[in-house]
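Chain by chain, the residues:
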Amino acid sequence: MSMILSASVVRVRDGLPLSASTDYDQSTGMQECRKYFKMLSKKLSQLPDRCTLKTGQYNINFISSLGVSYMMLCTENYPSVLAFCFLDELQKEFITTYNMMKTNTAIRPYCFIEFDNFIQRTKQRYNNTRSLSTKMNLADMQTEIKLRPPYQISVSELGSANGFSHMSVGEYKGTGKISAAPHQRLEPVTLPGIVSFVLSLLCGALNLIRGFHAIESLLQNEGEDFSYVIAFFLGTAACLYQCYLFVYYTGWRNAKSFLTFGLICLCNMYLYELRNMWQLFFHVTVGAFSTLQIRLRQPQGKSPDYNV
């Protein structure tokens, strides 16, 4: 018998479950599918906005919009058009009921559990196709699925049910393909992070200006030390690289940030004769503050293991 078995609403950013149906079957097959739900919820931010995962007797379908994903589990023979119409109804009702501010600031799992009442009513309607009165919506959805079919996720892409293999995905253009993403997503930027970014740019600009002045002085006086020019430009490069590390994810990111901070300290030690104590204190403090913000802004890959 084809039917919808369960559904859930999940925040895309970190996989936090916002609401879910409370009628899970405890059979082995359903327990396995719950594990796939967990796996998918951790990677929603890297997946296309419309996907299907086929897991033998069951299919998991989901759509994502405005930072929220709507997921459902159904039997393998349940029509794909009905499945995505069901998800579309959940999406419209959820957006109407809850504003983005509430979903973005939610910190407790299942804080919108009362939405389960609507999920249950809608699920009952879609499990009884004779009671459906959405023929126009079905026709529109069928046309949309033909023009832009959902991306088919394979179980091998997810890895085993007990462990999740690494999978990087890029932008989805509606062609059914996913390409590798060059950078992993980082956590949202905070106000202290923005301040550190601006201050690092300021320090880099100050070093650059002093470097050009040192070049002018070197051209006018042959006895000037060229190593001061190198120290200023190295300081500029170090400050700009700190900005890069704050914005983008790279391998050994924390180690690179500490090495960059060390270079800033060495440059300022060498420029001790050209700067007063307050200038040295400012540059070193900004470097330390930027290093801390790079350390605090971690990748989003490791989402909390919510009981989805």
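From a predicted model like this one, the values you see are computed outputs, not experimental measurements.

Draft legend 1. The pairing of strand S3 (residues 50-55), seen in detail. Extensive coverage of S3 is indicated by the burial of five of its six residues. Of the strand pairs in this sheet, S3 and strand S4 (residues 58-65) are connected by six bridges, and their pairing is antiparallel. Looking at S4, one finds that Cys51 is bridged to Phe62. Where S3 folds back on S4, the antiparallel hairpin that results is connected by two residues, among which Gly56 adopts a positive phi of roughly 75°. As judged from the three bridges shared by S3 and strand S6 (residues 151-153), these two strands associate in the parallel manner. Within S6, the position partnered with Cys51 by the bridge is Tyr151.

Draft legend 2. View of the pattern of salt bridges. For the coordinates displayed, the defined rule picks out four salt bridges. Measuring nitrogen to oxygen at the nearest pair gives 2.7 Å for the salt bridge that ties Arg11 to Asp14. What makes Arg11 buried here is its relative accessible area of 4%. Among the ionic pairs, Asp49 bridges to Arg148, the shortest N-O distance being 2.9 Å. Highlighted residues: Asp49 in the loop between helix H1 (28-42) and S3 and Arg148 in the loop between helix H5 (135-147) and S6, separated in sequence by 99 residues. On the accessibility criterion, Asp49 (31% relative accessible area) is partly exposed.

Parameters and conventions
- Residues numbered from 1 in each chain as written.
- Predicted model: local features only at pLDDT ≥ 70, side-chain atom pairs only at ≥ 80, totals over all residues.
- Heavy atoms only, no water.
- Buried < 20%, exposed > 50% of the residue type's maximum accessible area, 1.4 Å probe, protein only.
- Helix = DSSP H or I, 4+ residues; strand = E, 2+ residues; numbered from the N terminus.
- Pairing = 2+ DSSP bridges.
- Salt bridge = Lys/Arg side-chain N within 4 Å of Asp/Glu carboxyl O.

Everything listed is a geometric property; what it means functionally is a separate question.
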